[in-house]
Amino acid sequence: MDFNRLYKYLCQLCLSMQIVWGLDEVTLLNPPDETLPDYLLKVLYSCDEPAAVRLDCVVSFETGTVSTFLLGEWSCVPGEAIIRTVQLNLPDWLVYQADGVVPDSDWVLSCILRALVRHDGLNDAEKFITAQDVAALQPKPFFSRPIKPHRLCSSWSRQMLQLTQQSLNRQCPFEQETVHLLSTIYASTGEIFGITKTLGPYRNKLLEFFRLKAVTFPWCRISIWIFVASHCRESLCGVFHHIDSHNEYVTPSLFLKNSGQLHIQISGEAEETSAFLSTFTVPLSEWCQLSLTLQGRTVTISMMRANKNQGRVVFTEHVLRHTAMFDDTEGYFVIGGGKYVKGVEGYFGPVVYQRNKASPHSMPADVIPDVIETVNLTGWLQACQEFVLELTDKMSGFSLQAKQGRESETCFDAFHEWAVKERPASYLQCKQWEETAPHRKLAVKLAKLLAFKYGGRAVSLTAVGRALYSLSLHKLSRAKNHAAVSKILPLLLQAGCLADNRALHMTSVLYSSGLGVQKQPVKAWLLALVAAQKDDRLALLHLGHLHHQGVDGFPADPDLAYAYYANIAKQTILDRQDPTPQQTFVEAVYLNDDETLKQQTSEDHHIFQWLKLQASRGAAEAEQAIARMLFWGQQGLSPNIQEAVKHYRRGAVQLEDPASMYDYGIILLLGQGVEQDVQKGVTFLKKAMEQGFVPAFNALAWYYEQYEQNYEQAVQLWEKADLLESPDAALNLGVIYLQGLYPRKPANQYVAYNYYLKSANRGHIRGGVLLADMWTTGIPGFVERRPSDAVLWVKWAADHNGYLGSVLRKALDSYLKGDIFSSLLFYTMAAESGYAPAQFNAAYLCEQNTGSFLDPAYATNCMWRYYNLTIQSQNFDTYACIKMGDLLYEGSDGKQKDSFSAAQMYKLAALRNNPQGWYNLGLLAEEGYKLPLSVLTELGLAELYLAEKYVLLSSLYKKCRDSDDTDSYLPCSLALFNVFLQSFDKQYIAADKLFTAVAVVAGPTVFLIALGAFRRRIFSYNNN
C-alpha cells in the first residue's frame, strides 16, 4: 500500500469518526420566513479539524429544474463554536420585481437555505460534508416583491445594451380584432338558455381610440351560422342580442319571427331605436349563415344557404334615420335565448364578430366551417328521415292488413292453396313495400307486431322507438361481455331516429367511451347534440361536461358549458318540486365503500324491516327515515310517495315529531301524494314551528307571502330563520329584495345577490342557480362577471337531477345483483355526464374486471379515462389518485413510465390524508427516485430534500403510520421498522469498517511499542 492511498484512508477514517461522534456543527440561528433583500443571517458553526463553511441557496422552478447559488464561503478553524453574521445577497430576480435591469425569471416553487461544513479530501474534486442545516424560505409573489432602488447610474454602454435588448424583444400585445364568440356547435332547445359573452376594451391605445370613435359610427360585422329545426313558437325568438347595464336591448339585436323573417333592432342616441324586417325568410332544417353588417347608418342583413343547390345569397339593406350607437364593451351579448326572450329551436354554429372590419359591398364567403362539415348533422337527419318514411309506408300497409283481419301468412281454403302452388315463383315473394334491409328487419317486425296488437289503429313512430329501446335494454341486460354491444347498436340508432332520446344518449355514450364499439368522439357528439336539442336531461349534462372539461379534444368553453348546465339545473329545481317514479334521489355511493354498500336496502331487506319495527315502537327517527327513503327513493328503495305519506302522517299525528309535522305539512300544502289541504298543512307547520323546527319558519313565511300576500309577517319569519342558518330563508329574502317586495325598501339587486350567495353556501340548489345566473352577467359596479365560478354552481345543481339518480340506481342495483356489465353500462352513462362518483365506479369496475368480461386493453383505457376524470372534480376519492399514480408509474398501454407524474398523484392523496399516498411516495424514494423539491414543499417536507434517504423515508412512513386510518398502522409500521433496520445495518457496516481500519492502522504501532518495551526490559536485565 503506497503512502498516498494510506493517507487517503486515514483522512476518511478521521472524517468518519467526526460524522459518527458529531464533532462538527452548523446551525442557522435566525433564518427568515421569506426571501428578503440584505437580510442579516446568523450562523453558528464549529469544527474539529480545519474545514470550510458554505452557505447555498437551492431554488426549484415550475419547470422542474433545481438550481444552487453560492451565497458565501469561509474557513473554519478548530475550537469553540462561533456565531457569524452573514448578509444574504439573494439573486435580484428572486427578491425584486423585474424592471429591465433586474431580469425576469421562471416561476419559483420553493427556496431553501443550506449551510454545511465541508472537509477537503486528498484530491481537489473530493469533498466530505460532515454537518449541515437547512431552512425553507417562502418566495414572494411577483407583484408583492419590492422594486429595487438602483443607486448607481449605469454606464452608457450598459444602457445601450439594455435598450437594444428591449427593442429586439418588444412585440405588440395580441389584440383580438376578430372575436370567435362561438367556435363549435350549440344545441338550442328553444328556451331561455343561451351563451353569454362579454368583451373588454383594447389594450392598444390606438385601437382603443378608433373603437371609441366608432361608437357613434359603427363599422363592423357579425356572422352567425344557424340551423332552425322548427318555427318559432313565440312572436320573437332570440338569435343574437345585446343587453346593456340597464337591462335594455341595444345595438345590435337580432330575432327570428314565427313567420321565418328576421327582426333587426338598432339603438341610437337619446334612446332612439329603429327596427326592420328582412325581406327573406330563414329555411327550416338547413344550415345558413346570417351576416349583420353595420356601416354607419347603413345596416345590412344577409343570408347564405349551405345547400349549394340553392346557390345565391339574399340580403336586405336598411338606412337608419338616426345615428347608430354601438359600444361592444357595454353590457353583454347573448347567443340564443336569454333572460328576456326564448331562443331559436335548432343549432348554432360558429359566431364571429369583426370588431372594426366591414368592407363595403362585400358578401359572406362561400365557405362552410369545418366543424359543421365534420359533424354532418344534415346527413344524419336525412338518413333518419329516409328510415322514418320507409317505416311509415310499411306501418300503413300493416295497419291495412290488420284492419282486414289477415296477414300475409293467413290460412286459406284448399282451392286457394292449390292456386298459390300453381303461381310462378315471383308471386310467392313479399310485396314490394314489405321488403327491407337486413339491419332494419327487427324494427319492421316490431312495427308489424304493434299494428296487429292494436287492430290496425294508428301506431305512432315514437311507440316503435320506445319498443326498440326496451328491446335493446333487454338484450344488453342478457349480455355477458362488451362484444354483444356492436350487434345491439343498430337497434339503438333506429330507436334514436324514431325520437327516443334515451336511445340517442346511450348510443352517444357507447361511441364516446368505446364500450363494445369503436370509439368515435365526433359521432358521439353528433348524437348528444340531437338528443340535447330535444331537451334530454342526460344529454344536456353530457355536453355541459364535454365543454366544461374539454374532453376528447372538444373546446373548453365555460360560457357554452353554462348554457347546457343552466338548462338541466333549472329542470332539476322543477323536477324536485314534482317528484315522479321516474326520478330517484342522487346518492354518491362508491363501490369500494363496503359500509355504504351494506346500508343499501329494499322493502324485504332486514335493514328496512328493522326500521319498520323501530317505527312501530315509536321511534320518530325511524319513521322519518322510512318516509324519506320512500318519498325520494333512497338507499335502494323505489319511490312510493303514497306509502311515504302514511309514514309522514303517523310521525306527525301520533308521534308529534316536529320534522314529520313539517314534512307532512309541506305535502298537504303542495298536494304531493295527497289531496291538497292548505289550512291543515299550515296547522302542522305552526306546531312544528312552536317546537323550534327551523324549516317550519321558512315554510310558514312562504305561505304568508303566497296565499295572504302578507309580506310583513313573511319577512319577519324569514329574518328569524335566516339568523338560524336556514338556506331557504336566505333564498326567499333574496327574491323579495330583487322584486322590490321588501316592506318599505326599494329593489336592490346587490342585496339579493348577497342573500343568494348565503343560500348557496348553505347548500340550497335554487340559491346556487340564482347566484350563478348573476355571476354569468355580473352586476355593473358591484359584482364582476365570474363565468368559471358560475358554471361550477349550475353543474353542482344539475348533478342533483332525479333522472340522473335513476341511472345511478339502476347501476347500483345491477352491481348488487351481480350483473356487472349492466352496472358498467349505466355507470358509464352517468360518468359521461360528468358525475364524479359514477366516473370512479366505472373505472373501479374496469379495474376489477370480474370474470374478464372486458378486453384487457379496453379495461386499461377505461381506468385511464375515468380515474383521470375523477381527480379533476372538486371532491374526488383519493383512491383514484392512487390508481392514477400506479398507472403512470407502470406506464401501461404503451405509455412511458412517468415517475414525476406518479409522485404528483401520490402527493394529492397524501395531502388529503390518505396513508397509501405517503406509503407510495416512500416506495418511490426507496427505489432510488429522488422526490422533486416541489412535491416535498407542498407536503411541508422541503427541509428533507437534501437530507439522508433514510431520514426522508422515516418521515414519510411516520406520516403513513400516524394517519386516522387504523388499517394502515401495521403495514406503515413494518415499512418504518424496515427503514430503521436498513439504517442500523448501514451504520453497523460503517462502524465495522471503522474499527477494522483502526485495528489495521493502530495494530502495528501497538505491536512496535510493545516490542520496544520488551526489548528495553531485556536490555535492562542483561545490564544487571
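1. Here we look at the pairing of strand S11 (residues 219–228)
Of all the ten residues making up S11, nine are buried; the element is thus mostly covered by neighbouring parts of the structure. Looking at chain direction, S11 and strand S16 (residues 287–295) are connected through nine bridges and run antiparallel. Its bridge partner lying in S16, Trp225 is registered against Gln289. As paired strands, S11 and strand S20 (residues 345–354) are joined by seven bridges and run antiparallel to one another. Its bridge partner being in S20, Arg221 is matched across the sheet by Gln354.

2. Observations concerning the nonpolar core
Val239 and Phe240 are the most contacted members of the largest nonpolar core, which totals 250 residues. In terms of residues, this core owes the most to one element, helix H14 (residues 558–577), which gives ten residues.

3. A word on the sheet that holds strand S1 (residues 25–28)
Across the sheet, three strands lie side by side as S1-S2-S5; this open sheet has antiparallel pairing. The sheet terminates laterally at S1 and strand S5 (82–88), the two strands that pair on one side only. The average undirected angle you get between the axes of adjacent strands in this sheet is 25 degrees.

4. Some remarks on the side chain of Arg865
You can see Arg865 is positioned in helix H30 (residues 856–870). We classify Arg865 as buried; its relative accessible area is 13%. In contact with Arg865, other than residues within four places in its own chain, are Ser512, Lys519, Val551, Asp552 and Glu832.

5. Here we look at the sheet that holds strand S14 (residues 261–267)
Strand order in this open sheet of six strands is S10-S19-S12-S13-S14-S15, and the pairing throughout is antiparallel. The outermost strands of the open sheet, each flanked by one partner alone, are strand S10 (194–197) and strand S15 (273–281). The mean angle between the axes of side-by-side strands here comes to 15 degrees, regardless of whether they run parallel or antiparallel. Strand direction decides the pairing type here: strand S12 (residues 236–243) and strand S13 (residues 249–257), joined by six bridges, are antiparallel. Each bridged residue has a counterpart across the sheet, and for His242 the counterpart in S13 is Val250.

6. Here we look at the environment of Glu832
Examined against the element boundaries, Glu832 turns out to sit in the loop between helix H28 (820–831) and helix H29 (836–848). When the C-alpha positions of Glu832 and His505 are compared, they lie 9.9 Å apart, and in sequence the two are 327 residues distant. Here Glu832 is in contact with Val509, Ser512, Ser513, His542, His545, Arg865 and Tyr866, once residues within four sequence places are set aside.

7. Some details on the state of the cysteines
Tallied over the full model, the rule gives five disulfides. Two residues share a disulfide in this structure: Cys47 and Cys76, whose sulfurs sit 2.2 Å from each other. Disulfide Cys47-Cys76: the torsion about the S-S bond is -115 degrees, which places it as left-handed. Of the two residues, Cys47 sits in the loop between strand S2 (39–46) and strand S3 (51–61) while Cys76 sits in strand S4 (residues 66–76), which places them 29 residues apart along the sequence. Residue pairing for Cys960: its cysteine sulfur links by disulfide to Cys972, the two sulfurs lying 1.6 Å apart.

Procedures and definitions
Residues numbered from 1 in each chain as written. Predicted model: local features only at pLDDT ≥ 70, side-chain atom pairs only at ≥ 80, totals over all residues. Heavy atoms only, no water. Buried < 20%, exposed > 50% of the residue type's maximum accessible area, 1.4 Å probe, protein only. Helix = DSSP H or I, 4+ residues; strand = E, 2+ residues; numbered from the N terminus. Pairing = 2+ DSSP bridges. Core = buried A, V, L, I, M, F, W, Y, C linked by side-chain atoms within 4.5 Å. Axes fitted to C-alpha atoms, helices over the stretch in contact; angles between N-to-C directions. Contact = heavy atoms within 4.5 Å. Disulfide = S-S within 2.5 Å.

Remember that the coordinates give geometry; whether it matters functionally is a separate question.
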